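Chains, contacts and geometry: an overview
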Amino acid sequence: MPTQTSLVFAVNGERFELFKVDPSTTLLEFLRSQTTFKSVKLGCGEGGCGACVVLISKYDPILDRIEDFTASSCLTLLCSIHGCSITTSEGIGNSKDGLHPIHKRVAGFHASQCGFCTPGMCVSLFGTLVNAEKTNRLDTPPGFSKVTVTEAEKAIAGNLCRCTGYRPIADACKSFAGDVDMEDLGFNSFWRKGENKDLKLSRLPQYEQNHKNVIFPMFLKEIKPDVLFLASDKRSWHSPSSIMELQRLFESNQVNGNRIKLIVSNTAMGYYKDNYDYDRYIDLRGVPELSKIRKDQTGIEIGAAMTISKAIEVLKEEISGEFLSDFVRILVKIADHMEKVASSFIRNTASIGGNLVIAQKNNFPSDIATIFLAVDSMVQIMSGTKLEWIALEEFLERPPLSLESVLLSIKIPSLGLNKNNSSDQKSKFLFETYRASPRPLGNALPYLNAAFLVKVSQCKDSGGTMIDSCRLSFGAYGTKHAIREKNVEQLLEGKLLSFSILHDAVNLLIATIVPESGTTKAGYRSSLAAGFLFKFFNPMIDSPAKITNGYGYTNPNQAHHDEIPTLLSSGNQVLEAGNEYHPVGEPIMKSGATLQASGEAVFTDDIPSPNNCLYGAYIYSAKPLARVRSIELRPDLLLDGVRGVISSKDIPIGGENIGSKTIFGIEPLFAEEIARCVGDRLAFVIADTQKLADVAANSAVVDYDTEDLDQPILSVEDAVEKSSFFEVPPFLYPKHVGDLSKGMAEADHKIISKEMKLGSQYYFYMETQTALAVPDEDNCIIIYSSSQCPEYSHATIARCLGIPENNIRMITRRVGGGFGGKAIKSIPVAASCALAAHKLRRPVRMYLNRKADMIIAGGRHPMKITYSVGFRNDGKITALELQILVNAGIYVDISAIMPHNIVGAIKKYDWGALSFDIKVCRTNHPSRSAMRGPGEVQGSYIAEAIIENVAAMLSLDVDSVRSINLHTHESLKLFHEYCFGEPHEYTLPSIWSKIAAPANYDQRTKMVKEFNKINTWRKRGISRVPVVFQLSLRPTPGKVSIFSDGSVVAEVGGIEIGQGLWTKVKQMTAFALSAIQCDGTEGLVDKVRVVQSDTVSMVQGGFTAGSTTSESSCEAVRLCCNILVERLKPLKERLQKEMGSIKWETLILQAYMQAVNLSASTLYVPGMDSMMYLNYGAAVSEVEIDLLTGETRFLQTDIIYDCGQSLNPAVDLGQIEGAFVQGLGFFMLEEYETNADGLVLADGTWNYKIPTIDTIPKQFNVQILNSGHHQKRVLSSKASGEPPLLLAASVHCATRAAIKEARKQVLSWSNFVGPDSTFDLEVPATMPVVKEHIGLDIVQRYLKWKVGNK
Ligand SMILES: Cc1cc2nc3c(=O)[nH]c(=O)nc-3n(C[C@H](O)[C@H](O)[C@H](O)COP(=O)(O)OP(=O)(O)OC[C@H]3O[C@@H](n4cnc5c(N)ncnc54)[C@H](O)[C@@H]3O)c2cc1C
Ligand code: FES
Ligand code: FES
């Protein structure tokens, strides 16, 4: 045994030395629980979100230089940072020692909303800047970094943000790039449009190259990073520094029978999550053989522990050589492909060997295995003392690598290509790699990948292309490992390439690339193989002359999936702000934005754990309807610090098993005898740490029994059969419009009983559900909760515990993303912690892991829609009848509002007559809750889908059908009888025509047609969509208090969930207090602080939902300020008379002395006539689809949105862009799939794909319309939180238009004339869905047609 050493490292310059460490501890766990640096956030725990990114700096004693790289702290094991310096966002800069320009620019570009993703974004960018400054690129002008625009955008390609829509974050990043055109940077608080470049630059928070870059503490240089042996009570960590040491460790392990884990960077834990049960961890990074690089004539050998980033660097190094030999070109292609593996903060630590080992042992869908296989790579294995070189192909086919076997290195052979072959005109080597994945860059596994290495020559006689030899490898499609398609290779070799040969090859390929049973999207994956093969060979048939560069080709008319994906081009933001109510209406920076960027902003889980704190995790049902006989925990964990379980049996006498309540009903906190849906809370495990609680809950064994129970209701059809419905209060059920039979009678055409279905969507707030409950004296309890409705939690917990409401205090400062998911769904989380704390008399907290959160959440309401519609020849609709079955899940939650919301949104068009029957079905699924635009998103989409089908039936341009069915003010009155407003307030007609101009709609429509005519494998579509959104205000309390120094505190019922509520409230407080008209009130906004919501201070806080809480909170503080101004006025007038003028501070001091009451509170209750209103907007989106992969690129979106007189246009802009991108996720990307029992299968970042920076509109233009005075609105403002989400339907409709063009073309290959446009495009229209509509077999069809034509 080696002598025990200590673990030494630094965090933000502070030295840490640990003598005992559990080797399974991650860096994130350590930082969050043992240090004050809470800027590293836990968003997923699987490497998929970037919220936890840190910069690691490591001294290389041989090169005497420091390496800096970003890494995910949730996967990095603490023991692996021995000798390293860690920098978090607080370490880059902070409010005490000075913020970094990154923080300031992020804030100034309005790039932080809830702020939960922001520190991770800042560190990702920081890492890129630090490394750019180290390059020997030419110096850039002062103020800029050496980073390029592309690098700056890519810096955050793996970081998720659910709030902003990325555009402003990208702008903040690009503002550092030396090659940026300042004109391309979007709206910000530094400069105004039209100012010159120098002025703009001078206004930006100054950045100096090497600006306070990483400070590497000198003491770390003395630490030998590779020598480490650490042990906790049960587990040990070893860092062997030679092969011999490693072998000795294996030998001693055989004697002791320990469970060992070989570790390089532990990133595979993000996928396999098996990090807990090992006795020995062996870190391979110190073994020199695993880190070497050897290059010679025979090829390149890469040590298995080399990181992917380093390997990319090494492979690209060769490009600077004198000749670009075919081999070098291949290496560069391999490197290019590897840049699409994971994200930079994963690639920076993830090893090549680790990737190949999980591909070999665990069937991981690796990219690296596929591309290395195509180039005939070899691997060196050590088993015991035996060393052997084998082909990668053989390695992959062998039984899983044993625990004592080590992959030492990988060799890419030069295949004799390292000579410059360009002079050899006889034969060429062509190499290409492919991957089709939901995101081009940002962290997504491929549906299938492929790599082809082919030797071709020109046939002397025909001039055609001869295939001399080829290696075709495919992987990740639901196969055990990457494979070579040898049958296809044989078929092609020695042949003169022709459509007929390619047709045979494709047919053979399709027959063999068959995913294993159980693989999702199997047909799609096979079709990709055909698509890639075709993409590679087809240009050679068409124009062999183009094969000149020796390794690839370009053909502008061909789809080329793997060209470098362009990210964003400049967007245009037009903000029509008013200054009538200064500072209301000013686009001021979001309150607390710099604190969010530096990570100092405190979220619920950042509150330090009180002494004695315990942690909870849910055991939830895996069955939709079952009796729970027993729950057993793993006995060894009980000894280890698991304290037991809390369940319905622990509800105190006088209390109630209640988990949440709304006006429609209650939901139990824990299932009693019977679990009623998958995800139903059965019990709450309590342990000493969150990790232990999670492990215990995860490994609990639940004994179910379904005897004598009915079959669960798992579909809306089942619910109808069993009449299982929730009641909708009559006052909430919407009204029919007009006479349906008359409308139908007026129709020239009808579509009868057409069905469509809509699925769910998960909130994906970056901060999962969390709460902390602390017992207090006299049976009282304080609960900190991340909640959109603390008042409801407060009342629920009182009932649950059987104590008066005045024993409870709920505190919510900020919420790391809500989107409706932190409303009702947050209540049981707070109640569970409260119940456990109440029972155990100890503080109890919980931070739900992402998987549990996703399984329990419920999300958006799925529904089935059946409609009949009547319409005239010109597209004018005369009648619409709908039956809608809403799947509400097991408890009512807020589902009774769904009919109202759905119909409210459907009424965006004038349907002539509208009639409906909407049932809210009770099923054995987790209860669905409000999600941003609940019901409205679906209603609006249903309307668009109907319009699309009417247009298709009539073969009319869908845009003209939309236009003809838009409301007049007269029809608006009929459809929205309580909120139609004045004629001048109906701004949609003008928005509708106005948007055509900036979007250049007519011309672009023509260009799209032109594009589609000349492009075979890509098609475009463009679509314009309107929104009419019904909003209503709710009573909201407010309180404003002035302190003796003139500073002000405002409290409101509304919660800051990232939507900028605090900022607007601050502005309103300053505006309303300035009515006192004394000196110094113009700067009052800086004296106002909005503070956390406290249910004891602010009763009747209500819900933060429905987009209107900001304006109602503003109105509440305005009323408070009016009271204060009235109280201060007499004193002010008296003092003014005496002194001539009076300063704000003097007035307040005098008011204190004269006992004027300087705290006022009120409950704002909107009047019946002003409670509801309509809001309007429109969007034009253009997309491009790739016919071979189904990939959709969002080329451009233009939005015009009516904000009345915006309270803060910068905040509203953020809401519009963020909502649109969230909608884009719903319509195009996010599949919230479940199995037949309702168990969520999309349970993490691996399989639930929200948009990333590479999947948003490339050009994103937003105009906020100032529609002037609206008497009944709060200072004429209108809401922006939800309606723009509905506009993302424009992307879906544009995709449908593009598919329509593709189908037309495909039909023409079958010699069938006439468009086929009557199809329904599912939501979300993911790549597989798009491809299925185009035709999985289009390659075969095309080739057959070509062969036939010849
Ligand atoms: C978010 C995310 C996204 C990803 N996306 C992709 C992707 O798009 N495409 C893709 O191909 N990959 C992807 N990966 C996989 C990634 O490449 C691997 O996780 C990584 O390369 C593993 O390297 P590591 O050093 O972290 O290995 P570790 O996690 O340390 O080890 C992985 C496994 O291999 C064993 N092991 C490691 N090295 C050796 C060795 N030399 N000899 C014997 N056993 C060894 C370990 O015991 C362990 O079982 C992704 C990973 C993450 C976390
Ligand atoms: S928490 Fe580490 S990447 Fe998501
Ligand atoms: S600001 Fe990015 S997740 Fe909220």
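Residues numbered from 1 in each chain as written. Chains lettered and ligands numbered in written order. Predicted model: local features only at pLDDT ≥ 70, side-chain atom pairs only at ≥ 80, totals over all residues. Heavy atoms only, no water.

The protein is annotated in an unreviewed UniProt entry as indole-3-acetaldehyde oxidase of Arachis hypogaea. Quoted straight from UniProt, the Sequence similarities (unreviewed entry) entry for the protein says "Belongs to the xanthine dehydrogenase family." (UniProt positions renumbered as here; feature names shortened; annotations may be inferred.)

**Observations regarding the overall build of the protein**
Helix and strand counts for the protein come out as 40 helices and 45 strands. For the protein, the C-alpha radius of gyration of 32 Å lies close to 34 Å, the compact-globule estimate for 1350 residues. Going through the 1350 residues of the protein one by one, you find that 65% of them count as buried. Considering only contacts within the protein whose residues lie at least 6 apart along the sequence, 78% involve residues at least 24 apart. (Helix = DSSP H or I, 4+ residues; strand = E, 2+ residues; numbered from the N terminus. Rg over C-alpha atoms; globule rule 2.2 N^0.38 Å. Buried < 20%, exposed > 50% of the residue type's maximum accessible area, 1.4 Å probe, protein only. Contact = heavy atoms within 4.5 Å.)

**Thoughts on the pairing of strand β9 (residues 280-283)**
Burial along β9 is two-sided: the residues R280 and I282 and Y281 and D283 are all buried. Relative to β9, strand β7 (residues 236-238) runs parallel, the two sharing 3 bridges. Bridge assignment links S236 to a residue of β9, and that residue is R280. Sheet topology places strand β8 (residues 260-263) next to β9; 4 bridges connect them, and they run parallel. Across the sheet, I263 pairs through a bridge with D283, a residue of β9. (Pairing = 2+ DSSP bridges.)

**Overview of the nonpolar core**
Formed by 386 residues in total, the largest nonpolar core has its most connected members in F474, L533, F537, L882, W911 and I942. The dominant element in this core, judged by the number of residues it contributes, is helix α18 (residues 522-542), at 11 residues. (Core = buried A, V, L, I, M, F, W, Y, C linked by side-chain atoms within 4.5 Å.)

**Some remarks on the site of ligand 1**
Of all residues adjacent to ligand 1, which total 36 residues, the nearest are L262, V264, T267, S351 and D367. The contact in question runs from an oxygen atom of ligand 1 to an N or O atom on the side chain of T267, over 2.5 Å. Between ligand 1 and D367, the relevant distance is 2.7 Å, taken from an oxygen atom to a main-chain nitrogen or oxygen of the residue. For ligand 1, whose free accessible area comes to 980 Å², the fraction covered by protein is 96%. Secondary structure elements with two or more residues in the shell around ligand 1: β8, α13 (352-362), α14 (367-374) and β14 (405-413). (Near = heavy atom within 4 Å. Polar contact = N/O pair within 3.5 Å; in protein donor to acceptor, adjacent residues only side chain to side chain. Areas by Shrake-Rupley, 256 points an atom, 1.4 Å probe, with all protein chains shown as cover.)

**Some words on helix α39 (residues 1327-1334)**
Residues that lie three or four places apart on an α-helix share one face, since the helix turns once every 3.6 residues. α39 sits mainly inside the fold: 7 of its 8 residues count as buried. Residues of α39 that are buried: M1327, P1328, V1329, V1330, K1331, H1333 and I1334. Phi for G1335, located one or two positions after α39, is positive at around 125 degrees.

**Re the packing of helix α3 (residues 101-108) against helix α4 (residues 118-133)**
Viewed as axis vectors pointing N to C, α3 and α4 meet at an angle of 125 degrees, and their least axial separation amounts to 10 Å. When the interaxial angle is binned, α3 and α4 end up oblique. In the packing of α3 onto α4, the handedness of the crossing is right-handed. Along the contact surface, α3 presents I102, H103 and V106, while α4 presents T118, C122, L125, F126 and L129. (Axes fitted to C-alpha atoms, helices over the stretch in contact; angles between N-to-C directions. Parallel < 35°, antiparallel > 145°, perpendicular 65-115°, else oblique. Left-handed = near helix turned anticlockwise from the far one by under 90°.)

**Section: the sheet that holds β7**
Overall, mixed pairing links the 4 strands, which are arranged β6-β7-β9-β8 in an open sheet. Each of the sheet's edge strands pairs with one partner strand only, and the pair in question is β6 (229-231) and β8. Neighbour-to-neighbour, the strand axes of the sheet open up by a mean angle of 15 degrees, direction not taken into account.

**Things to note about the UniProt feature "active site" (unreviewed entry) in the protein**
Per the UniProt annotation, the sites labelled "active site" (unreviewed entry) are E1282. For E1282, the residues in contact, after removing those within four places along its chain, are R932, G933, P934, F1029, G1106 and S1107.

**Topic: the sheet that holds strand β15 (residues 427-436)**
The strand order β15-β16-β17-β18 describes an open sheet built from 4 strands, whose pairing is antiparallel. The sheet terminates laterally at β15 and β18 (483-484), the two strands that pair on one side only. Here 2 bridges tie strand β17 (residues 465-475) to β18, and the two strands are oriented antiparallel to one another. Counterpart to S473 in the pairing with β18 is R484. Where helix α11 (residues 326-338) meets the sheet, its contacts fall on β15 and β16 (448-458), and the angle it forms with β15 comes to roughly 5 degrees.

**Remarks on the pairing of strand β11 (residues 299-303)**
Within β11, 5 of the 5 residues are buried, leaving the element largely enclosed by the surrounding structure. Here β11 shows no split at all, with G299, E301 and G303 on one side and I300 and I302 on the other all buried. What sits between the antiparallel neighbours strand β10 (residues 293-296) and β11 is a turn of 2 residues. Pairing between β11 and β14: 5 bridges, direction antiparallel. Of the residues in β14, the one forming a bridge with G303 is S409.

**Brief notes about the packing of aromatic side chains**
Counting across every chain of the model gives 45 aromatic pairs. These aromatic residues form a ring-pair network of at least three members: Y434, F452, F474, F532, F536 and F537. Geometry around Y1001 places R1024 over its ring, the cationic atom sitting 4.9 Å from the centre. The ring centre of F1319 lies 4.7 Å from the NZ or CZ of R1296, which sits over that ring. (Phe/Tyr/Trp six-rings, centres within 6.5 Å; stacked < 30°, edge-to-face > 60°. Lys NZ or Arg CZ within 6 Å of the ring centre and 35° of its normal.)

**Digging into the confidence of the model for the protein**
Here the protein shows a mean pLDDT of 92. Residues at 70 or above account for 96%. The low-confidence segment residues 548-566 (pLDDT under 50) makes 55 contacts with residues lying over four places distant or belonging to another chain. (pLDDT = per-residue confidence, 0-100.)

**What to know about the side chain of E90**
Within the secondary structure, E90 sits in helix α2 (residues 89-92). For the buried E90, no salt bridge is present, and the opposite-charge side chain at shortest range is K41, 6.7 Å distant. One polar contact links E90 to S39, side chain to side chain, over a distance of 2.6 Å. Looking at E90, its side chain comes within polar contact range of the side chain of T88, at 2.4 Å. Setting aside anything within four residues of it in sequence, one finds E90 in contact with N12, T36, F37, K38, S39, S598, G599 and E600. (Lys, Arg positive; Asp, Glu negative; His and termini not counted. Salt bridge = Lys/Arg side-chain N within 4 Å of Asp/Glu carboxyl O.)

**Considering the environment of I467**
Looking at where I467 falls in the secondary structure, it is placed in strand β17. Judged by its relative accessible area of 0%, I467 falls in the buried class. Sequence separation between I467 and F537 is 70 residues; the distance between their C-alpha atoms is 10.0 Å. The contact partners of I467, leaving out residues within four places of it in the chain, are V454, K455, V456, L492, E493, G494, K495, L497 and F537.

**Structural notes on the packing of helix α28 (residues 936-954) against helix α29 (residues 958-965)**
Pairs of packed helices are described in terms of their axes, by the angle between the two and the distance that separates them. One way to put it is that α28 packs onto α29 with a least axis distance of 9 Å and a crossing angle of 120 degrees. When the interaxial angle is binned, α28 and α29 end up oblique. Judged by the twist between their axes, the crossing of α28 over α29 is right-handed. Side by side, α28 and α29 meet where E944, I947, E948, V950 and A951 of the first sit next to V958, V961, R962 and N965 of the second. Each residue belonging to the contact of α28 with α29 can be placed in one class, and the counts come to 5 nonpolar, 1 polar and 3 charged. (Nonpolar A, V, L, I, M, F, W, Y, C, P; charged D, E, K, R; others polar.)

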